[in-house]
Number of protein chains: 2
Amino acid sequence: MKPRVGLIGLGLMGAPMGANLLKAGFPLVVWNRTAEKARRLVDEGALFGKSPEDVASQCDVLLTIVSDPSALEEVLWGKDGALAGLKRGSALIDSSTVSPALARKIAQACAQKSIDFLDAPVTGGTWGAEKGELVFMIGGKKETLERVEPVLQALGKRFFLLGPNGAGQTVKLAMNLILALQVEALAEGLELVTSSGVEPTKLIEVLQSSMGRAPVLDVKAPVILKRDFTPSFPLRLMHKDIRLAMELAKENGIELPAGAAAYQAYSAVKARAKADVDYAAIASYWKKN
Amino acid sequence: MKPRVGLIGLGLMGAPMGANLLKAGFPLVVWNRTAEKARRLVDEGALFGKSPEDVASQCDVLLTIVSDPSALEEVLWGKDGALAGLKRGSALIDSSTVSPALARKIAQACAQKSIDFLDAPVTGGTWGAEKGELVFMIGGKKETLERVEPVLQALGKRFFLLGPNGAGQTVKLAMNLILALQVEALAEGLELVTSSGVEPTKLIEVLQSSMGRAPVLDVKAPVILKRDFTPSFPLRLMHKDIRLAMELAKENGIELPAGAAAYQAYSAVKARAKADVDYAAIASYWKKN
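Residues numbered from 1 in each chain as written. Chains lettered and ligands numbered in written order. Predicted model: local features only at pLDDT ≥ 70, side-chain atom pairs only at ≥ 80, totals over all residues. Heavy atoms only, no water.

**Q** What should I look at first to understand the nonpolar core in this one?
**A** In globular proteins that are soluble, nonpolar side chains generally tend to be buried together. Membership of the largest hydrophobic core comes to 112 residues, with the highest contact counts inside it found for A:Val171, A:Leu192, A:Tyr266, B:Val171, B:Leu192 and B:Tyr266. Contacts of B:Leu192, omitting those with residues within four sequence positions, involve A:Thr170, A:Leu173, A:Ala174, A:Ala245, A:Leu248, A:Ala249, A:Asn252, A:Ile254 and A:Leu256. (Core = buried A, V, L, I, M, F, W, Y, C linked by side-chain atoms within 4.5 Å. Buried < 20%, exposed > 50% of the residue type's maximum accessible area, 1.4 Å probe, protein only. Contact = heavy atoms within 4.5 Å.)

Structural data, given as structure tokens:
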């Protein structure tokens, strides 16, 4: 029999993940702060829980994917929080991007109640979430991963077990630091070229036949050239991920020079943004208005 | 009849380019500050000129590829310099990486003597130079490119005409800024992961199935993990290219935050390097000794 799955967080990522869980035939109970966002999943057969605690108490495997550390702490430890509801022997998978320290704190709380825990942030964006082709970066025990893998199979295609709890978040923060810097690098290269009076498309053409070509640049270059920053991965979330990476670096006593500079640049664009924009909007750093 | 080709600069790039010109059957006259480096090409049939001026006076198409702006100014305008030797109606192709301003200055000097000029820096590294698969980033006139293309065909596979003189150098500086930042990003990501106690190979694995995968990272990641920094593209040259990019940005009145930070980091590693190392040695930024 298929395990009953709980899903907390129905944002850009959570909503399509929920749809894929239903498609794969898992009984699904969901919760979201804005209940409105659950409507479509409920129409397709999901139950809507009264609270995170209520969802947690009804499921064998609980998946959380919320926007930041404070949102995660709230759904886990807040009023009617999920940790109070989770049964002994159930499993919690957190696919939010948070600090490795928070992942370890959750692992500890779970261990006290004999709940298996994986930190399992994802990469692949909304496109990957919709197609069920996410890549999971996982910290935790191999046995836990084996146990929940049938659930994850509905959502992704690659599952990297990277070490003990916290390792998934560590690698995710490093990954997003690299992606943020790749797009920052593209934006700086384009600005250098356009401010010199050369067509920016020329740089893209050459880049695509160079060692520097990368899917993220193929995707973001047209977005930057058209200045259509409809969010695929929102800048506010990338900004939060760079902040978490910089905090981790500080904890570890290391300096990340380009990361620090990019963090300042993303902060400046975030402060100025009037609406939710994709992180490729880092290219508007040089626009004065 | 094949044009007589001159080649000035027989370093890591120039030497294999010379070999490919001979292989393609071009009569070749070469010159290098250290004559020693010409021996193999001379054995294979090249003539060794007495000076840059001497080489220039004997050829229809002159190719220069030296390490930096001052070396280029020296071979062009110095004692027995090439510009004094070039015949009316000949063509000069400079594949060094220098500032767009210097490229425009050369173009002006050439125009006064009815010499066609292209700034045509390359990407593809020593591997591309050896295989004859370089990518040329070209500034200048279409007719000039058409005229010298049979010569360039012996050296490369893609020829991007990017705008008037200077445009080739502009795009090259932007390209190398992007490559330098991609490798800086990889190094920072790896340092974040290792300082957290996670295996660096794990980050590489995940990166290779992400949107951030790029050939330059595939090539440099093993170099960084093995700490074998035998130069493929020397850090001192990448450092010079970032410096030129930052100078261009300053001329254009724009700020490049991550570029500036990376320039500081590459400077620190360059100052500490005891031997010639690849630019992937930026990953030794965090090694205290």
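**Q** Any chance you could explain unusual backbone geometry here in plain terms?
**A** Excluding glycine, residues mostly carry a negative phi; peptide bonds, for their part, are mostly trans. Residues and elements named next belong to chain A. Within the chain, Ser114 stands out as a residue other than glycine whose phi angle is a positive 55 degrees. By the secondary structure assignment, Ser114 is in the loop between α6 (100-112) and β6 (116-119). Classification of Ser114 as partly exposed rests on a relative accessible area of 34%. Unlike most non-glycine residues, Arg227 shows phi in positive territory, near 55 degrees. (Helix = DSSP H or I, 4+ residues; strand = E, 2+ residues; numbered from the N terminus.)

**Q** Hey, could you run me through the relation of the copies chain B and chain A in this one?
**A** Related by rotation about an axis and a shift along that axis, the two copies of the chain form a pair. You can overlay chain B on chain A at an RMSD of 0.0 Å; the transform is a turn of 180 degrees with a shift of 0.0 Å along its axis. Here the two chains are linked by the operation of a two-fold rotation axis. Here 100% of the interface residues in chain B have copies in chain A that are interface residues too; the copies meet face to matching face. (Least-squares fit on C-alpha atoms with pLDDT ≥ 70 in both.)

**Q** Got a minute to help me understand the interface of chain B and chain A in this structure?
**A** How large an interface is tends to be reported as the accessible area lost when its parts come together. At the junction of the two partners, chain B supplies 57 residues and chain A supplies 57 residues. A buried area of about 4900 Å², summed over both sides, lies between chain B and chain A, and 74% of it is on carbon and sulfur atoms. Applying the counting rule to chain B against chain A returns zero salt bridges. Summed over the shared surface of chain B and chain A, the number is 18 residue pairs in polar contact (both at pLDDT 80 or more). Every element with two or more residues in the side of chain B that touches chain A is listed here: β8 (134-139), β9 (156-163), α9 (167-194), α10 (200-208), α11 (215-226), α12 (235-252) and α13 (257-272) of chain B. Looking at which element gives the most residues to the side of chain B that touches chain A, the answer is α9(B), with 19 residues. A class-by-class count of the residues in the side of chain B that touches chain A yields 39 nonpolar, 10 polar and eight charged. (Buried area = accessible area lost by both parts, 1.4 Å probe. Salt bridge = Lys/Arg side-chain N within 4 Å of Asp/Glu carboxyl O. Polar contact = N/O pair within 3.5 Å; in protein donor to acceptor, adjacent residues only side chain to side chain. Nonpolar A, V, L, I, M, F, W, Y, C, P; charged D, E, K, R; others polar.)

**Q** Is there a simple way to think about the side chain of A:Asp241 in this case?
**A** All names here are of chain A. Here Asp241 is to be found in helix α12 (residues 235-252). Residue classification places Asp241 among the buried positions, given a relative accessible area of 2%. Separated by 2.7 Å, the side chains of Asp241 and Asn176 make a polar contact. Those residues in contact with Asp241, other than ones at most four positions away along the chain, are Thr97, Lys172, Leu173, Asn176 and Phe233.

**Q** What am I meant to see in the pairing of strand β4 (residues 61-64) of chain B here?
**A** Residues in a regular strand point their side chains to alternate faces of the sheet. All names here are of chain B. Burial along β4 is two-sided: Val61 and Leu63 facing one way and Leu62 and Thr64 facing the other are all buried. In this structure, strand β1 (residues 5-8) lies alongside β4, joined through four bridges in parallel fashion. Among the inter-strand pairings, Ile8 is bridged to a residue of β4, identified as Thr64. When β4 meets strand β5 (residues 91-94), the two strands line up parallel, connected through four bridges. Looking at the pairing, Val61 lines up with Ala91 of β5. (Pairing = 2+ DSSP bridges.)

**Q** Which parts of the structure should I look at to understand α6(A)?
**A** One full turn of an α-helix is made of 3.6 residues, so residues set three or four places apart face in the same direction. All names here are of chain A. With 13 residues, α6 should reach 18 Å at 1.5 Å per residue; the first-to-last C-alpha distance of 19 Å fits that figure. By the burial criterion, the buried members of α6 are Pro100, Leu102, Ala103, Ile106, Ala107, Ala109 and Cys110. Packing partners of the buried residues in α6 comprise α4 (69-77), α5 (82-85), β5 (91-94), β6, α9 (167-194) and α12. Trailing α6 by a residue or two, Ser114 shows a phi angle of about 55 degrees, which is positive. (Expected span 1.5 Å × (residues − 1).)

**Q** Got a minute to help me understand the side chain of A:Ser99 in this structure?
**A** Residue and element names in this part refer to chain A. Structurally, Ser99 is set in the loop between β5 and α6. A relative accessible area of 17% means that Ser99 is categorised as buried. Contacts of Ser99, omitting those with residues within four sequence positions, involve Gln169 and Leu244.

**Q** How do you make sense of the packing of α9(B) against α10(B) when you look at a structure like this?
**A** The packing of two helices is summarised by the inter-axis angle and the distance between the axes. Residue and element names in this part refer to chain B. Here α9 crosses α10 at 130 degrees, and the two axes come no closer than 8 Å. Taken together, the axes of α9 and α10 are oblique relative to one another. Our pair here, α9 against α10, has a crossing hand that is right-handed. Here Leu186, Gly189, Leu190, Val193 and Thr194 of α9 lie close against α10, whose contacting residues are Pro200, Leu203, Ile204 and Leu207. (Axes fitted to C-alpha atoms, helices over the stretch in contact; angles between N-to-C directions. Parallel < 35°, antiparallel > 145°, perpendicular 65-115°, else oblique. Left-handed = near helix turned anticlockwise from the far one by under 90°.)

**Q** How should I be thinking about the domain arrangement of chain A in this particular structure?
**A** Residue and element names in this part refer to chain A. Once the domains are mapped, chain A shows domain 1 (5-163) and domain 2 (170-284). Contacts between the two partners involve 14 residues from domain 1 and, on the opposite side, 12 residues from domain 2. Interface of domain 1 and domain 2: buried area, both sides summed, is about 1100 Å²; carbon and sulfur atoms make up 68% of it. Broken down residue by residue, the surface that domain 1 buries against domain 2 is led by Thr97, Pro100 and Met137, which jointly contribute 38%. Joining domain 1 to domain 2, the criterion identifies zero salt bridges. Run the count over domain 1 and domain 2 and you get four residue pairs in polar contact (both at pLDDT 80 or more). Residues belonging to the side of domain 1 that touches domain 2 are distributed by class as follows: eight nonpolar, five polar and one charged. (Domains from an automatic or database assignment.)

**Q** Which parts of the structure should I look at to understand the pattern of salt bridges?
**A** Close approach of charged atoms allows side chains of opposite charge to pair. Inspection of every chain in the model, using the stated rule, returns 24 salt bridges over all chains. Among the salt bridges present, the one from A:Arg39 reaches A:Glu36, with a minimum N-O distance of 3.4 Å. In this structure, B:Lys105 engages B:Glu73 in a salt bridge whose closest nitrogen and oxygen atoms are separated by 3.3 Å. In this pair, B:Lys105 sits in helix α6 (residues 100-112) while B:Glu73 sits in helix α4 (residues 69-77), placing the two residues 32 residues apart along the sequence. On the basis of relative accessible area, B:Lys105 is assigned to the partly exposed category, the value being 40%. In this structure B:Glu73 comes out as partly exposed when scored by relative accessible area, which is 32%.

**Q** Hey, could you run me through the packing of aromatic side chains in this one?
**A** Geometry of an aromatic ring pair is reported as the spacing of the ring centres plus the angle between the planes. Residue and element names in this part refer to chain A. Applying the stated criterion across every chain, the model contains six aromatic pairs over all chains. Note on Tyr285 and Trp286: the rings are 5.1 Å apart at their centroids and 85 degrees apart in plane angle, and the pair reads as edge-to-face. Residue class for Tyr285 comes out buried when judged on its relative accessible area of 14%. Positioned above the aromatic ring of Trp77, the side-chain terminus of Lys105 is 4.5 Å from the ring centre. (Phe/Tyr/Trp six-rings, centres within 6.5 Å; stacked < 30°, edge-to-face > 60°. Lys NZ or Arg CZ within 6 Å of the ring centre and 35° of its normal.)

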